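Examining the three-dimensional arrangement
In case you want the letters, here they are:
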Amino acid sequence: MTLLGPSGCGKTTLLRLIAGLATPDEGHVSIAGVDVTRTPPHKRNVGVVFQNYALFPHLNVGGNVGFGLSGKGLAKATIAAKVGRALELVQMGKFRDRPVTALSGGQQQRVALARALAVEPSVLLFDEALSALDRNLRETMQVELRRLLKDIGATAIFVTHDQDEALTMSDKIAVMNAGQIEQFADPLSVYAQPKTLFTMRFVGLSSEMRGTVVARGLGQVRVETPVGAVMAQGDQPVGCSVVVATRPEHVRIGGVEAIEDNCAEGQIRQITFHGSRTRLSVDVVGAEFVVEMGGVNALPSAGQAVVLRWPAACSFAYADSSVAA
Amino acid sequence: MSAVVSDRYGLLARVRCHDLLARVRSRRVGLTLAAPALFVLIFLYAAPLAHLLAGSFRGPAGFTLDAYGRVLADAYGRSLVWNSLRLGLITTGLTLVVGYPAAFGLAMSRGVLRSLFLASLFLPLAASVIAKAFAWTILLRSHGVVNDTLIFLHLTDKPIRMIFTQTSLIVGAANIFLPFMILPIYAVVAQIDPRLTEAAATLGSSPARAFLRVVLPLSTPGVIAGVALVFSLSVSAYVVPNLLMGENYPTLATTIAKAFLLIRDPALGAAAGAILMAIGLAVVVVSNRLSEQGGSTK
Amino acid sequence: MTGALARIVAIAFMAGASLFLLAPLLVIAAASFSPTPVFDLPIGGASLRWYGAVGSLDGFWPALTLSLEIALVSTAISLALGTLTGIAIVRGLIPGASILAAALASPLMMPGLVLGIALLQFFRGFGLTQVFPALLMAHVVVTLPYVARTMIAGLSRFDFTLIDAARTLGCSFPASIFRVMAPALAPAYLTSGLFAFLASMDNYPVSIFLTDARMKTLPIKMLQYIEESPDPSIAALSTLILLATLALLFAADRVVGLHRLAGLSE
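Residues numbered from 1 in each chain as written. Chains lettered and ligands numbered in written order. Predicted model: local features only at pLDDT ≥ 70, side-chain atom pairs only at ≥ 80, totals over all residues.

**Quick word on the overall build of chain B**
For clarity, the cut-off: By definition, any uninterrupted DSSP run of H or I lasting at least four residues is a helix, any uninterrupted run of E lasting at least two residues is a strand, and each is numbered from the N terminus. Partly exposed residues are those whose C-beta has more than 12 but fewer than 20 other C-beta atoms within 10 Å; with 20 or more the residue is buried, with 12 or fewer it is exposed, and the C-beta atoms are placed from the backbone. By the convention adopted here, residues make contact when the C-beta atoms placed from their backbones lie within 7 Å.
A count of helical and extended segments in chain B gives twelve helices and two strands. For chain B, the sequential pattern of α-helices and β-strands runs α-β-β-α-α-α-α-α-α-α-α-α-α-α. Residues counted as buried form 48% of the 298 residues belonging to chain B. Long-range pairs, those at least 24 residues apart, make up 71% of the contacts in chain B between residues at least 6 apart in sequence.

Have a look at this one:
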């Protein structure tokens, strides 16, 4: 599961509350049905992988990984075996006797992971653990981590501000904003069916138009916008000021007209190339549209006048809180 | 084709040459930069000390351990060594016991309180040790502040004789050398990453165990530095024993000063000095070895 | 022992240590106001006469001047030497850099008394009997460890690519050192300069052997006053020094922050 949100939204605080490194003023924390609000962190059996790894500099790799195991009355051989297993899981078996200060960032991150895994925690918490790695390494680790966690069947909670990372790695995402959870759902739902404007904006790109609801029914509203009447998913009352948002991959340029489509006329301002997709900025009346097209064939050029079409089912209306009621 | 090949080798050769030159040049630059300090270290520090050491072996007939014999052979000489070591050990022990938790208290404090604490550590460094030692004689007199307070608190009936006792010596020495124990430990402790104790907690260590297994080992370099500094300062202290005990506590240091300044017995002074220097060297070597063993930091 | 209790205990220890350390200073300050020529407590009333008498202490001004000169010049020399050597060590430009760093710090642990006689005999062997040069060289040895230690710590935190940036913007190598590195290292200079200066001003064991009857430094004079005729003028003198240091510390706190003074000194 991932806690996703911008800096300062409270995701790290929430993580620390789960770990027991912070105590709530109100409310309680339960793990597997047990109330642990009053339990100190060293009794919660929650593993944490910190952003800066927090490896103990005075111990080598083996010493770090075995830290949580010593002092529990286990035999030395048992500890050694568990350390070995944890290191093998992260493919760091050969580094057992190395000092931690001699390791690269990616290696340190694996040791931090092995250390948290060695005590077999019920929950694993990752506090922006991949943010310090470079891009290639980060993407590799994302895939590896997901596979590893599935293999050992652990519950993991990631904290990140990177929406791509969240979409890749999670079974469920909690989008957070200013201390509130805006939506808690699987990645597809969060992306394709965002419940709030914040979620729409934070998880992916969107084109937005402002307008007023003039009619409503069947889960859709008709909104009067500067480009004309637009249909969108929503149930706001008539007269409500709304923002209509649409994901760029659903917008077509030109093409066949269909009854249930919205349309708008505009002019292409800028075209940017993103490898497998091309992104276009289109100026329409009172708004700027972002359109994504696949492939490199039949690309329009900047300055061209175009007609944009998209299905009403792909537009979402959200109450506009910036307009006084 | 061959022109391209030879040109490529030429380029490689030039690059390699330049690399070599760069390394040699940087070494020369380094030596130039370090030369003045090296000069000071060798000619104004190592050489005079070596000369002193050599002089302690010199007698009318050449190499001799005579001077050492004079100091170590008789009981009086040995008492000098023992007094010095004793002063050093007790002062170091006392300042460590008080200074270690105090360093943590300093690291945990913030704002005005921390500034006040730091000022209380720095200010005594500016006061002359002579003035401070004399102040302690005032405090510890039979009708001085300490005795008056003890009587006021009904902890004793009549004034306790504290001046010119070894207690006053220890108290005065501990007072003067305490900042030299607290500051090095603080400098190390203040840099310990607080997330390390959090990590230990998430791995199942209670706060006490986290302290023993994470913070204590990491504080060791500071402890070594503080112990080495205080020990060498107190072993060789001259002003403090002189003012607080007079002639009643002869140490190697007081003997050296007397030998050179009063009774003009340079051989005795040199021998005592060599022994003191040997203690100093031992402290340097041992503390270096210990802090290297302590593990890779920085 | 829970975290909160441990915290209270630790701070209590530091508070106790603070009081313990300040006690003699308070005694000195209090005794300096005594109306009688006895350096003792309690004092009968309050008088500033001893502050006035400081200036007329026998041999005071020459001793103060000598101490100040030696302290300032030796500190300046040590700052320069310490910076240069620090660069060489931190950049790894010389082999055995760590050994050199340890050697530079070792005079702190060598008994000052031993260094004093060693230098006395050494200088005499070369025929050097003049007080000022001998004292100056000895005080460079005394102050250099403080400076070297702090400068190495400060330099290892300095980003040397700033020098590269300055050079691409038109500064020569020496100019970029002055305009870029010196300002960044100002806290380190302040700290090490302060410690070195105080160490030199208060130094007794090394100085006692290298001074003679005519030229004495301030600490030596003070011990002489105490042994011969201890009156509160010494207390007044010490209090004045303390006040000057207090002002210096206050200024240092404004510029650098006292906690960085303590952290950088190691």
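**Some words on the overall build of chain A**
A tally of helices and strands in chain A yields eight helices and 18 strands. Taking the principal axes of the C-alpha coordinates as reference, chain A spans close to 75 × 50 × 30 Å. Relative to its 325 residues, chain A shows a buried fraction of 38%. In chain A, once contacts between residues fewer than 6 apart in sequence are set aside, the share between residues at least 24 apart is 63%.

**Overview of the sheet that holds strand 14 (residues 261–274) of chain A**
Paired through backbone hydrogen bonds, the strands of a sheet run either parallel or antiparallel to each other. Going by this rule: Here the rule is simple: two strands pair whenever DSSP picks up at least two bridges between them.
With respect to topology, five strands assemble into an open sheet ordered 13-17-14-15-16 (chain A), the strand pairing being antiparallel. At either end of the open sheet lies a strand with only one pairing partner, and these are strand 13 (252–253) and strand 16 (287–294) of chain A.

**Some words on the sheet that holds strand 5 (residues 123–127) of chain A**
Residues and elements named next belong to chain A. Short version of the rule: Between N-to-C directions, angles cover 0 to 180 degrees, with each direction set by a line fitted to C-alpha atoms, over the stretch in contact for helices.
Judged by pairing direction, the sheet is mixed, and its six strands sit side by side in the order 4-5-6-1-7-8 without closing on themselves. The sheet terminates laterally at strand 4 (46–49) and strand 8 (180–185), the two strands that pair on one side only. With strand direction ignored, the average angle separating the axes of adjacent strands in the sheet is 20°. For strand 1 (residues 2–4) and strand 7 (residues 173–177), the ladder comprises three bridges, and the chain directions are parallel. In the strand pairing of strand 7, leucine 3 is matched with alanine 174. Contacts from helix 4 (residues 105–118) reach strand 4 and strand 5, with the element oriented near 175° to strand 4.

**What about helix 3 (residues 76–89) of chain A?**
Because the α-helix completes a turn every 3.6 residues, residues three or four places apart line up on one side. All names here are of chain A. Here is the rule: Helix span, as expected, comes to 1.5 Å for every residue beyond the first. Picture the helix axis, draw a direction to every C-beta atom, and the arc is the one those directions span.
When the terminal C-alpha atoms of helix 3 are compared, their 20 Å separation across 14 residues agrees well with the 20 Å that a helix rising 1.5 Å per residue should span. Of all the positions in helix 3, only Val83, Ala86 and Leu87 are classed as buried. For helix 3, the angular spread of buried residues about the axis comes to 100°, placing them on one side. In helix 3, those exposed residues whose orientation departs by more than 90 degrees from the buried face are Ala77, Thr78, Ala81 and Glu88. Against the buried residues of helix 3 lie helix 2 (61–65) and helix 4. Of the residues flanking the end of helix 3, it is glutamine 91, one or two places downstream, whose phi is positive at about 60°.

**A word on the interface of chain C and chain B**
Convention followed: Each residue is assigned to one class: nonpolar for Ala, Val, Leu, Ile, Met, Phe, Trp, Tyr, Cys and Pro, charged for Asp, Glu, Lys and Arg, and polar for all the others, Gly among them.
At the junction of the two partners, chain C supplies 77 residues and chain B supplies 84 residues. With 19 residues, helix 1 (residues 3–31) of chain C is the single largest residue contributor to the side of chain C that touches chain B. For the side of chain C that touches chain B, the per-class residue count stands at 60 nonpolar, twelve polar and five charged.

**Comments concerning the domain arrangement of chain A**
How large an interface is tends to be reported as the accessible area lost when its parts come together. Heads up, the rule is: Residue ranges assigned to each domain were obtained from an automatic or database domain assignment.
Here chain A is described as being made up of domain 1 (2–199) and domain 2 (205–319). Using only C-alpha atoms to locate each centre, domain 1 of chain A and domain 2 of chain A end up separated by 39 Å.

**A look at the interface of chain B and chain A**
The partner chain A presents 20 residues to the 18 residues of chain B that form the contact. Looking at the side of chain B that touches chain A, the elements with two or more residues in it are helix 8 (194–202) and helix 9 (207–235) of chain B. Sort the elements by how many residues they give to the side of chain B that touches chain A and helix 8 of chain B lands first, with six residues.

**Focus on the nonpolar core**
Going by this rule: Linking buried Ala, Val, Leu, Ile, Met, Phe, Trp, Tyr and Cys residues through C-beta atoms within 7 Å yields a set, and such a set is a nonpolar core.
Of all hydrophobic cores here, the largest spans 170 residues; its most connected members are Ile182, Ile256 and Leu276 of chain B together with Val141 of chain C. For this core, the two domains that each supply at least three residues are domain 1 (2–56) and domain 2 (68–293) of chain B. Setting aside chain neighbours within four positions, we find isoleucine 256 of chain B in contact with Gly269, Ala272, Gly273 and Leu276 of chain B together with Leu113 and Ile117 of chain C. If you look at the next biggest cluster of nonpolar residues, it comprises 78 residues, including Phe50, Ala54, Met176 and Phe202 of chain A.

**A word on the domain arrangement of chain B**
All names here are of chain B. We note that the domain assignment places domain 1 (2–56) and domain 2 (68–293) within chain B. Each partner contributes to the interface: domain 1 provides five residues, whereas domain 2 provides six residues. Taken together, the residues of the side of domain 1 that touches domain 2 sort by class into three nonpolar, two polar and no charged.

**Regarding helix 9 of chain B**
In plain terms, the rule: Note that the bend at a residue is defined as the angle between axes fitted to the seven residues ending at it and the seven residues starting at it.
At threonine 220 of chain B, helix 9 of chain B shows its largest bend, some 40°, and a proline, proline 221 of chain B, comes one to four positions later. Burial analysis of helix 9 of chain B places 21 of its 29 residues in the buried class, which makes it a mostly covered element.

**Quick word on the environment of serine 98 of chain C**
Inspection of the secondary structure assignment puts serine 98 of chain C in helix 4 (residues 97–105). Between the alpha carbons of serine 98 of chain C and glycine 125 of chain C there is a distance of 32 Å; along the sequence they are 27 residues apart.

**Description of the environment of leucine 229 of chain B**
Looking at where leucine 229 of chain B falls in the secondary structure, it is placed in helix 9. Taking the C-alpha atoms as reference points, leucine 229 of chain B and leucine 252 of chain B, separated by 23 residues in sequence, lie 18 Å from one another. Excluding anything up to four places from it in sequence, leucine 229 of chain B contacts Phe180 and Pro184 of chain B together with Leu108 and Met109 of chain C.

**What about the pairing of strand 12 (residues 241–246) of chain A?**
All names here are of chain A. Of all six residues in strand 12, five are buried, a share of seventy percent or more. As paired elements, strand 9 (residues 207–217) and strand 12 share six bridges and run antiparallel to each other. Paired with methionine 209 across the bridge in strand 12 is valine 244. With five bridges joining them, strand 12 and strand 18 (residues 315–319) adopt antiparallel strand pairing. Paired with alanine 245 across the strands is phenylalanine 316, a residue of strand 18.

**Here we look at the confidence of the model for chain B**
All names here are of chain B. The line we're drawing: As a per-residue measure, pLDDT tells how confident the predictor is, with possible values from 0 to 100.
Overall, the prediction assigns chain B a mean pLDDT of 81, with 86% of residues at 70 or greater. Within chain B, strand 1 (residues 58–59) has the poorest average pLDDT of any element, 68, and helix 3 (residues 75–108) the best, 92. With pTM at 0.81, the complex prediction returns an ipTM value of 0.84.

**Examining unusual backbone geometry**
Residues and elements named next belong to chain A. Of note in the backbone geometry, tyrosine 53 takes a positive phi value of approximately 70° without being a glycine. Even without a glycine there, the phi angle at glutamate 120 is positive, about 50°. Relative to the assigned elements, glutamate 120 resides in the loop between helix 4 and strand 5. Residue class for glutamate 120 comes out partly exposed when judged on the 14 C-beta atoms lying within 10 Å of it.

**Observations regarding the pairing of strand 17 (residues 305–311) of chain A**
Residues and elements named next belong to chain A. Bridge analysis of strand 13 against strand 17 gives two bridges, and the strand direction is antiparallel. Considered in strand 17, the bridge of isoleucine 253 is made with leucine 308. In terms of strand pairing, strand 14 meets strand 17 through seven bridges, oriented antiparallel. Bridging from a neighbouring strand, asparagine 262 pairs with tryptophan 310 of strand 17.

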